[in-house]
Amino acid sequence: VTLELARRAALALDHARLYAATESARAAAEAASVAAERAARQATRSQRLTVALSLALTREDVARVVLDEAVPAFDARAGWIVDASHDDGHFEIVGMRGERGDLLGALPRSRRETRTVTSEVIRTGEPRFLGVGTRETWAALYPDSADFVAGHGFGMLAALPLTVAGTTRGALTFGLAARDLAAE
């Protein structure tokens, strides 16, 4: 009886080990499938963007393509592209997309010395990813855009320099709702 009990216990342990290995392999296969689907979606998006950019003839066309793809991809509330290549130091808004139609009229007009996150990115050539916090906190850092940022309810801003041959020629900026980026 004792030997039979030991044999059955060993068999049960072996089955449990095989079951755990099967479940682990199944989880790994599911993770690989999810990763493959994500890679396929990214490849499709990249291919669509490449085709659209190859057809863009003007900087406004390029801005439209980039913003049409990037704003939804980043789940942004708004995005805008600024051209800073003018000799007089003024920035020109080349394109914008947002969930509110009044965004373009509300964007602060800027120059290189204006205290906005977009201007800072153009001056430094370094990207900025910032939580907005309160209006007062934002106004202390970037007073020239505090009303605009607060008025559109942005919780975060991401600004990326547009650099050609080592010279920052503009910026791509996104206004996003507040969210937990560490979880994404």
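Details of the structure are given in the entry above.
Criteria and thresholds
- Residues numbered from 1 in each chain as written.
- Predicted model: local features only at pLDDT ≥ 70, side-chain atom pairs only at ≥ 80, totals over all residues.
- Heavy atoms only, no water.
- Helix = DSSP H or I, 4+ residues; strand = E, 2+ residues; numbered from the N terminus.
- Buried < 20%, exposed > 50% of the residue type's maximum accessible area, 1.4 Å probe, protein only.
- 1 Å grid on protein atoms, 1.4 Å probe; cavity = no way out; pocket = protein on both sides within 12 Å on 5 of 7 lines; lining within 4 Å.
- Points joined across faces, edges and corners; volume = space filled by probe spheres on them.
- Nonpolar A, V, L, I, M, F, W, Y, C, P; charged D, E, K, R; others polar.
- Salt bridge = Lys/Arg side-chain N within 4 Å of Asp/Glu carboxyl O.

Caption draft 1: Focus on the environment of Ala-78. Tracing the backbone through its elements, the reader meets Ala-78 in strand β1 (residues 78-83). Overall, the relative accessible area of 3% leaves Ala-78 in the buried class. Separated by 99 residues in sequence, Ala-78 and Ala-177 place their C-alpha atoms 9.6 Å apart.

Caption draft 2: Inspection of the layout of surface pockets at higher detail. Quantified by volume, the second largest pocket comes out at close to 250 Å³. Contributing to the lining of the second largest pocket are 14 residues, with Arg-59, Val-62, Ile-81, Val-82 and Leu-162 lying nearest its centre. When contributions to the lining of the second largest pocket are tallied by element, the ones reaching two or more residues are α2 (59-73), β1, β4 (156-164) and β5 (167-176). Of all the elements, α2 adds the most residues to the lining of the second largest pocket, at four residues. The residue makeup of the lining of the second largest pocket, split by class, is nine nonpolar, two polar and three charged.

Caption draft 3: Representation of the pattern of salt bridges within the structure. Considering all chains together, one arrives at ten salt bridges under this definition. One salt bridge connects Glu-4 with Arg-8, and the closest N-O pair in it is separated by 2.8 Å. One end of the pair is Glu-4 and the other is Arg-8, both in helix α1 (residues 2-55) and four residues apart, which spans about a single turn. By relative accessible area, which is 32% here, Glu-4 ends up partly exposed. A residue is classified by how much of its surface remains accessible, and Arg-8, at 55% relative accessible area, is exposed. Residues Arg-26 and Glu-23 are paired through a salt bridge, measuring 3.3 Å at the closest nitrogen-oxygen approach. Of this pair, Arg-26 and Glu-23 both sit in helix α1, three residues apart, roughly one helical turn. A relative accessible area of 30% places Glu-23 in the partly exposed class. It is possible to trace a salt-bridge network through shared partners that takes in Arg-59, Glu-60, Asp-83 and Glu-92.

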